Amino acid sequence: MSFKQMVRTRFAPSPTGFLHIGGARTALFSWAYARKHHGKFILRIEDTDIARSTPEAVQAILDGMAWLGLKEDEGPFYQMQRIYRYKEVIQQMLDAGSAYYCYISPEELEQMRAAQMEAGLKPRYDGTWRPEPGKELPTPPSGVQPVVRFRNPKVGDVAWDDQVKGRIVISNTELDDFIIARADGTPTYNFCVVVDDWDMGITHVIRGDDHVNNTPRQINLLHALGATVPQYAHLSMILGDDGQKLSKRHGAVSVMQYHEEGYLPEAVLNYLARLGWSHGDDEVFSMAQFCEWFDLDHITPSAAQFNTEKLRWLNAHYIKQADLGTLAADVKQRLNAMAIAVTSEQPALEDVIALYRERVHTLVELAESVAYFYRKPLIDEAAKEKHLTPDILPVLNALAAALADTEWSAEAIHAAIDHAVQSNGLKFPKVAMPLRVLITGGAQSPSIDAVMALLGKTEVLTRIGEGL
RNA sequence: GUCCCCAUCGUCUAGAGGCCUAGGACACCUCCCUUUCACGGAGGCGACCGGGGUUCGAAUCCCCGUGGGGACGCCA
């Protein structure tokens, strides 16, 4: 058997909220697997829950995927547009006897479940309306719209070799006849997934761990339909920084929130790639490299805790590597949002960023630390009090005067400061620190001469003058 | 309650019976660099959940326990 089937993976989010970090990782793995095998990655929006699906959520997911650069090869497909197909298959199943109408009411069901729980049993439908040879079915109550249930096998096991968890075997006695069409005729999740995966020729279903329990039902359905069963790979969940289940209370769980907080997509992608998957000791790698390396064999079956500190570290790394123009465009927007204009008379953002990129972990930090180039510095009073001591004022005044006649380069400025230091028998920081406070507003900055050179002579002298 | 899954440093992980006195990364600590703070460099601290097997030999295989998690919807 040398024939190898083309790999087709899919990401199938339900549009009931933004794209969260767990979904993003599932999408990334599915996408990478398709890339690795030169297959196709399909995006499918599972919007059959009319009550909870919203167009805004659809857009939020699309935005998140776009920001990460996870481009689908096919789709996006919308399940609501495929209703005709589901109804067609349901009718076929009804005709074939692999599905049947059930008239039990939601209230009765709830009672049944409660009683079963009470008795220590697994809650499940009791099969009242399931047709059996020689069985007399109750008379359908009038005025009740029935649901359609799948006639699940009663005996035997369902098993599959999960690509991350290994072989999983479930007894059919654990499963009940689940609903495939609601009373209003709309198909349900487990059914749509099966029909879609089948129709779309999905070969590898890579999805969250919470779907493990749905898998045996879906496999049974696939068998009833005579469809090929795909490979399954169930990814364990991602926990919050505190080890708790990820929820909206944890703050930045939306992928776009990371964008807002100043993370580069490269960093988020690289971080997510290493969360649950590994390639030896490799930590930092490009997506191209990831697509080459990615496989299902090195995915951990255990849950992973999100670690923002490591993401920050990776982000810092990617900020150092990033294209200056790209960073400048982003930082400019952030400055504008802070009501700070960047004009052509002011130092070029690229130059300023080049000076600062090695000292920050996020673009938010970058924008904030660079802001004083474009507006008056916010003076840190504690730093001012500490460094701007009365004894140094005369030295600074003299230095300001000397600076006025200094050629404006970092070297020349450094020489001027050095002269002030030497001729007064001081140490360099004694002069550099107060200068730093006056010019940048704080006690931390890159080399003060480099900062001064970039800021420009006029502005530097103004700031020294106003501060003294 | 029932079923399913998981279990290596604080965190992410390497590890597929001997290469393990358990490796890497983040974080943390120390030192170096230094014009402050970072960056960077060099070190350091730090883990195989417990108990039974199997084996000449187990972090790796099996069983039990314990602890976590997930699922039991006319949600996806």
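Asks: Describe in detail the overall build of chain A, supporting the description with residues and values.
Replies: A tally of helices and strands in chain A yields 19 helices and twelve strands. Scaling as 2.2 N^0.38, a compact globule of 468 residues should have a C-alpha radius of gyration of about 23 Å, whereas chain A reaches 32 Å, well beyond that. Counting the 468 residues in chain A, one finds 49% classified as buried. Partitioning the contacts of chain A with sequence separation of at least 6, the portion at a separation of at least 24 is 75%. If you sum the accessible surface of chain A, you get close to 22600 Å²; carbon and sulfur atoms cover 52% of it. Between the averaged position of the 46 positive side-chain charges in chain A and that of its 60 negative side-chain charges there is a distance of 3 Å.

Asks: Mind laying out the confidence of the model for chain A, listing which residues take part and the relevant values?
Replies: Low-confidence regions, as indicated by low pLDDT, have predicted coordinates that should not be scrutinised in detail. On average, residues of chain A score 92 in pLDDT, and 98% of them reach the 70 mark or higher. Predicted complex metrics record ipTM = 0.95 and pTM = 0.93.

Asks: Residue-level account of the pairing of strand 1 (residues 8-11), with values.
Replies: Side chains R8 and R10 of strand 1 all project onto a buried face; the interleaved residues T9 and F11 project onto the opposite face, where all are buried too. Examined bridge by bridge, strand 1 and strand 2 (residues 40-45) share four bridges and lie parallel to one another. What sits directly across from R10, in strand 2, is I42. Handedness of the crossover joining strand 1 and strand 2 through helix 1 (residues 21-36) is recorded here as right-handed.

Asks: Describe the pattern of salt bridges, naming the residues involved and giving the relevant values.
Replies: Per the stated rule, a full pass over the model turns up 27 salt bridges. When salt bridges that share partners are traced, they join R10, R44, E46, R82, R85, E88, D196, D197 and D199 into one network.

Asks: Go over the side chain of R25 with me, naming the residues and quoting the values.
Replies: One can find R25 in helix 1. The side chain of R25 sits in the buried core without any salt bridge; D209 is the nearest counter-charge, 8.2 Å away. In contact with R25, other than residues within four places in its own chain, are L235, S236, I238, L272, L275 and G276.

Asks: Got a sec to walk through the side chain of S53? Specific residues and values, please.
Replies: Its location among the elements puts S53 in the loop between strand 2 and helix 2 (55-68). On the accessibility criterion, S53 (18% relative accessible area) is buried. Contacts of S53, omitting those with residues within four sequence positions, involve P15, T16, E46 and D47.

Asks: Give me the lowdown on the packing of helix 16 (residues 410-423) against helix 17 (residues 428-440), citing residues and values where you can.
Replies: At their nearest, the axes of helix 16 and helix 17 sit 8 Å apart, and the two run at 125 degrees to each other. Judged by the inter-axis angle, helix 16 sits oblique to helix 17. For the crossing formed where helix 16 meets helix 17, the hand is right-handed. Contacts between helix 16 and helix 17 involve H414, I417, D418 and V421 from the first element and F428, V431 and L435 from the second. Residue composition of the contact of helix 16 with helix 17, grouped by class: five nonpolar, one polar and one charged.

About the cut-offs
- Residues numbered from 1 in each chain as written.
- Chains lettered and ligands numbered in written order.
- Predicted model: local features only at pLDDT ≥ 70, side-chain atom pairs only at ≥ 80, totals over all residues.
- Heavy atoms only, no water.
- Helix = DSSP H or I, 4+ residues; strand = E, 2+ residues; numbered from the N terminus.
- Rg over C-alpha atoms; globule rule 2.2 N^0.38 Å.
- Buried < 20%, exposed > 50% of the residue type's maximum accessible area, 1.4 Å probe, protein only.
- Contact = heavy atoms within 4.5 Å.
- Areas by Shrake-Rupley, 256 points an atom, 1.4 Å probe, with all protein chains shown as cover.
- Lys, Arg positive; Asp, Glu negative; His and termini not counted.
- Charge placed at Lys NZ, Arg CZ, Asp CG, Glu CD.
- pLDDT = per-residue confidence, 0-100.
- Pairing = 2+ DSSP bridges.
- Right-handed = clockwise from strand over helix to strand, strands pointing away.
- Salt bridge = Lys/Arg side-chain N within 4 Å of Asp/Glu carboxyl O.
- Axes fitted to C-alpha atoms, helices over the stretch in contact; angles between N-to-C directions.
- Parallel < 35°, antiparallel > 145°, perpendicular 65-115°, else oblique.
- Left-handed = near helix turned anticlockwise from the far one by under 90°.
- Nonpolar A, V, L, I, M, F, W, Y, C, P; charged D, E, K, R; others polar.

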